[in-house]
Amino acid sequence: MRRTLQSIAALLPLFLALEFFGTTSTAVASGFAILEQSVRGLGSAFSNSAAADDASTIFFNPAGLTRLSNNSAIAAGYYISPTALFQDRGSVVVTGAPLTGGDGGDGGVDIFVPNFYAVWNASDRVKLGLGVNSPFGLKTRYDRDWVGRYYAINSELVTININPTVAAKLTDNLSLGAGINLQYAEAKLSNAIDFGLIGATRLRTAPQATDGSVELEGDDWSWGYNLGLLYEPNRKTRLGLAYRSAITHDLAGEADFNVPAAVSALTATGRFQDGSIDAELNLPDTLSLNAYHQISSRLALTGDVTWTNWSRFEELRVTFDNPAEPDNVQPENWHDTVRYSLGINYTLSPVWELRAGVAYDPSPVDSTYRSPRIPDNNRTWLAIGASFKASDAISFDVGYAHLFVDDSQIDLSSSTSGNLRGSIESDVDVVGLQLTWKF
């Protein structure tokens, strides 16, 4: 046991470093959630939580750990390739003049996202586990002179989640699991400021003629928990129920203003000064119900229904320590969502297993509040995957999913940023590779 723990401890710094450098792009699940926590799950459109067939069950349902008979570790990585293409549809400043600038280029950013899971036996009926993952995140980036620059240029959210877990088999049919989530969050946001409009009366400047910018950055550590139940009425059927708690981050950081010399007189009021900021980030809780049924020795069906409490994300408010600087408030008013997924597993041979899945993942936001920072909309998943057992100790998984995303309509208004009207065309491709080691 000591040697096992030492091996896992030695690997953790590597995976933590990969998580920091591997922030996700335009979020793959609805909102800014990241479902990419299992390559086996990816291949079935994340319908197979009740299968509980590897250590990634730590994330999806910790009670599933009791089904794993060996000590094991998983290293997985996902290449995510999104597109986010904006088309202007009559954006204007408050004077009624058109907002100038290009379409922003492709706001999606290709990125690599890793995660790590390990499990070992404490006894015949008790299992211990550890997961390192990123359950939320986003990254969008537009050209600095694009038409929506006053609303968004760069947007980035990184979360690093460390999830120690314990599971116990209470009876031959019922298992329970629980985990603690120690979570780090870091957010970076930037946008242009129309100082020409702000200074029009006092300095007689023209709107859109004197742009500056602001960059906001903050981070925080917080914590939550996750719970799971797995019931097996017979050897062919499993039913799972899992809950992940909400987490609130009180982000603290800095604001960095760039004010052009031509309008520097505007800082005499005390505004637009670099300084400290605070922001509250309310991440949602989730509740999942999932099932697995073995139809034959080769064929199994999987299904999952997951509710996400996105209504916690009511606004994005940045408070400045500078009393002269008013709060920066972006109403969000998201609503709760329910995601549905179905999958099929087929055992081709003792060393090969194939899977496929489909899912519908509705968006929590509508055009009244949708921002180019998070150009989210309803998405349909089509996924395929395969597993190869190289030996009793080593196996490999590969998964691929294409996400068909509805065009995202945007209609935002602000007294200083103008009215941004348009649509964003998006889709996402995800490829995952996973190594499982049993020891």
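Definitions and cut-offs
Residues numbered from 1 in each chain as written. Predicted model: local features only at pLDDT ≥ 70, side-chain atom pairs only at ≥ 80, totals over all residues. Heavy atoms only, no water. Helix = DSSP H or I, 4+ residues; strand = E, 2+ residues; numbered from the N terminus. Rg over C-alpha atoms; globule rule 2.2 N^0.38 Å. Buried < 20%, exposed > 50% of the residue type's maximum accessible area, 1.4 Å probe, protein only. Salt bridge = Lys/Arg side-chain N within 4 Å of Asp/Glu carboxyl O. Patch = residues over 30% accessible without salt bridge, like charges linked within 9 Å, V, L, I, M, F, W, Y side chains within 5 Å. Areas by Shrake-Rupley, 256 points an atom, 1.4 Å probe, with all protein chains shown as cover. Lys, Arg positive; Asp, Glu negative; His and termini not counted. Charge placed at Lys NZ, Arg CZ, Asp CG, Glu CD. Pairing = 2+ DSSP bridges. Contact = heavy atoms within 4.5 Å. Phe/Tyr/Trp six-rings, centres within 6.5 Å; stacked < 30°, edge-to-face > 60°. pLDDT = per-residue confidence, 0-100. Polar contact = N/O pair within 3.5 Å; in protein donor to acceptor, adjacent residues only side chain to side chain.

I'm lost on the overall build of the protein chain in this one. Help?
Summing up its helical and strand segments, the protein chain has five helices and 20 strands in all. Taking 439 residues into account, the globule formula puts the C-alpha radius of gyration at 22 Å, and the protein chain, at 24 Å, falls close to it. Considering only C-alpha atoms, the protein chain reaches an extent of 75 × 40 × 30 Å along its principal axes. Burial statistics for the protein chain: of 439 residues in total, 54% are counted as buried.

Would you mind going over the pattern of salt bridges with me for this structure?
For side chains of opposite charge, pairing can occur when their charged atoms come near one another. Counted according to the given criterion, the structure contains 15 salt bridges. Note that D172 and R125 form a salt bridge whose closest N and O atoms lie 2.9 Å from each other. One end of the pair, D172, is in the loop between strand 5 (154-169) and strand 6 (174-194); the other, R125, is in the loop between strand 2 (111-121) and strand 3 (126-133), and 47 residues separate them in sequence. Judged by its relative accessible area of 57%, D172 is exposed. Put simply, R40, D53, E353, R355 and D397 are held in one network by salt bridges that share partners.

Got a minute to help me understand a negative patch on the surface in this structure?
A cluster of like negative charges, contributed by E215, E217, D219, D250, E254, D256, D274, D278, E280 and D321, occupies part of the molecular surface. The set of elements that each furnish at least two residues to the negative patch consists of strand 7 (211-234), strand 9 (247-258) and strand 10 (275-283). Secondary-structure assignment places D278 in strand 10. By relative accessible area, which is 35% here, D278 ends up partly exposed.

Looking at this structure, how should I read the pairing of strand 17 (residues 379-389)?
For a regular strand, the rule is simple: side chains alternate between the two faces of the sheet. In the sheet, strand 16 (residues 352-361) pairs with strand 17 via 10 bridges, with the strands oriented antiparallel. Residue pairing for strand 17: W352 is matched across the bridge by F388. With antiparallel pairing between neighbouring strands as the criterion, strand 17 and strand 18 (residues 394-405) make up a hairpin whose turn holds four residues.

Looking at this model, I keep getting lost on the side chain of S56. Mind explaining?
Following the sequence through the fold, S56 ends up in the loop between helix 2 (39-43) and helix 3 (57-60). Aside from chain neighbours lying at most four places away, what touches S56 is Q37, S38, I74 and Y117.

What am I meant to see in the packing of aromatic side chains here?
Each aromatic ring pair is specified by the distance between its two centres and by the angle formed by the two planes. Within this structure, the stated rule accounts for 19 aromatic pairs. Taking 5.1 Å as the distance between ring centres and 80 degrees as the angle between the ring planes, the aromatic pair formed by F59 and F60 counts as edge-to-face. Comparing F59 with F60 shows no difference in burial state: the two are buried. When the centroid spacing of 5.9 Å and the interplanar angle of 75 degrees are considered together, the rings of F257 and F272 count as edge-to-face. Here the residue F257 occupies a position in strand 9, and F272 occupies one in the loop between strand 9 and strand 10, the gap between them amounting to 15 residues. When sorted by exposure, F257 lands in the same class as F272, which is buried. A network of ring pairs unites the aromatic residues F32, F136, W310, F313 and W334 as a single cluster.

In this structure, what is going on with the confidence of the model for the protein chain? I would like to understand it.
Averaged over all residues, the pLDDT of the protein chain equals 92, while 94% of them reach at least 70. Confidence over residues 1-26 falls short of pLDDT 50; this stretch has 61 contacts with residues more than four positions distant or in other chains.

Looking at this structure, I do not really get the side chain of Q434. What am I missing?
Inspection of the secondary structure puts Q434 in strand 20 (residues 418-438). Given a relative accessible area of 3%, Q434 falls into the buried group. Engagement of the side chain of Q434 in a polar contact is seen with the backbone nitrogen of V39, the distance being 3.0 Å. Polar side-chain contacts of Q434 include one of 3.2 Å to the side chain of D54. Once you skip the residues sitting within four places of it in the chain, Q434 turns out to touch S38, V39, R40, D54, I74, A75, A76, Y78, S395, F396 and D397.

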